[in-house]
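# Remarks on the overall topology
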Amino acid sequence: MEGADPVNKKLAAALSSGAVLVLALTGCGGDDDNEKLNSWADQVCGAVQPQAKKIQAANAAIQKETSDNSTPEEVRKTDSKAFQDMSDAYKAIGAAVTKAGAPDVENGEKKQTDAVKELNGISASYASLKKQVDGLDTDDQAKFADGLKDIAAELDKLSKSGNDALKTLEEGEVGEAMARQPSCKTATGPAQSTTG
């Protein structure tokens, strides 16, 4: 059991950086009276919030599993479910952005398309990590630790490579409109009071 422990911690660290991705969808500041854009932001934020919670919960489950002295079977089961939840959550966010349509800004359509493509890509990556975790050999501690190491490396890549299109989607007016929506603010924790 000892062998997998540091690897497990590495997995948790890689995961937490990956989960930051969705929370980036909840920027702050700015004010403007573009009603169309405000309505778009409200729709997207409302859909993102439950998914962000799902991702945080999956992340927390993995973190907890790493702090406990869990058996490889428990780790595999928890990680598998967490990756499935994350895959579903990113897919749902992609669907929400698709449904909301293009934001009413310059290049809105391209921003929307790129973000959806990225969200679906992240969803597929988590689905493939789930498959990987499901295939790990829990009887052989050393093999299991090696398998987790590979998964942690994949997660690390995922957290670094993802999120460019999301950042682009949220630049400028879109980010400002999202910041004004109560549904966005609560996705990152306690709502901050903003004036304007």
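Residues numbered from 1 in each chain as written. Predicted model: local features only at pLDDT ≥ 70, side-chain atom pairs only at ≥ 80, totals over all residues. Heavy atoms only, no water.

Helix and strand counts for the protein chain stand at eight helices and zero strands. Starting at the N terminus, the α and β elements of the protein chain follow one another as α-α-α-α-α-α-α-α. Across the 196 residues that make up the protein chain, the buried fraction comes to 46%. A separation of at least 24 residues holds for 83% of the contacts in the protein chain among residues at least 6 apart in sequence. (Helix = DSSP H or I, 4+ residues; strand = E, 2+ residues; numbered from the N terminus. Buried < 20%, exposed > 50% of the residue type's maximum accessible area, 1.4 Å probe, protein only. Contact = heavy atoms within 4.5 Å.)

Turning our attention to the packing of aromatic side chains. Summed over all chains, the structure comprises two aromatic pairs. On the basis of an interplanar angle of 5° and a centroid distance of 5.6 Å, the ring pair of Tyr 90 and Tyr 126 is categorised as stacked. Of this pair, Tyr 90 sits in helix H3 (residues 72-100) while Tyr 126 sits in helix H4 (residues 108-134); the two residues are 36 residues apart in sequence, bridging distant segments of the chain. Linked through ring pairs, Phe 83, Tyr 90 and Tyr 126 together constitute an aromatic cluster. (Phe/Tyr/Trp six-rings, centres within 6.5 Å; stacked < 30°, edge-to-face > 60°.)

The next thing to look at is the environment of Gln 56. By the secondary structure assignment, Gln 56 is in helix H2 (residues 35-67). Taking the C-alpha atoms as reference, Gln 56 lies 9.7 Å from Ala 82; in sequence the two are 26 residues apart.

Another point: the nonpolar core. In this structure, Trp 40, Val 44, Phe 83, Tyr 126, Leu 129 and Met 178 are the most contacted members of the largest nonpolar core, which totals 39 residues. Among all residues touching Trp 40, those that are not within four sequence positions of it are Ala 100, Gly 101, Ala 102, Pro 103, Leu 169 and Val 174. (Core = buried A, V, L, I, M, F, W, Y, C linked by side-chain atoms within 4.5 Å.)

This brings us to the confidence of the model for the protein chain. The pLDDT averaged across the protein chain works out to 79; a share of 74% of its residues lies at or above 70. Note on residues 26-31: pLDDT under 50 across the span, and eleven contacts to partners over four residues away in sequence or across chains. Below a pLDDT of 50 lies the segment residues 187-196, which in the model reaches eleven contacts outside its immediate sequence neighbourhood of four places, other chains included. (pLDDT = per-residue confidence, 0-100.)

Glancing now at the packing of H3 against H4. For the pair H3 and H4, interaxial distance at closest approach is 8 Å and the crossing angle is 165°. For the element pair H3 / H4, the angle class is roughly antiparallel. The crossing of H3 and H4 is left-handed. Of the residues assigned to the contact of H3 with H4, the class counts are twelve nonpolar, eight polar and five charged. (Axes fitted to C-alpha atoms, helices over the stretch in contact; angles between N-to-C directions. Parallel < 35°, antiparallel > 145°, perpendicular 65-115°, else oblique. Left-handed = near helix turned anticlockwise from the far one by under 90°. Nonpolar A, V, L, I, M, F, W, Y, C, P; charged D, E, K, R; others polar.)

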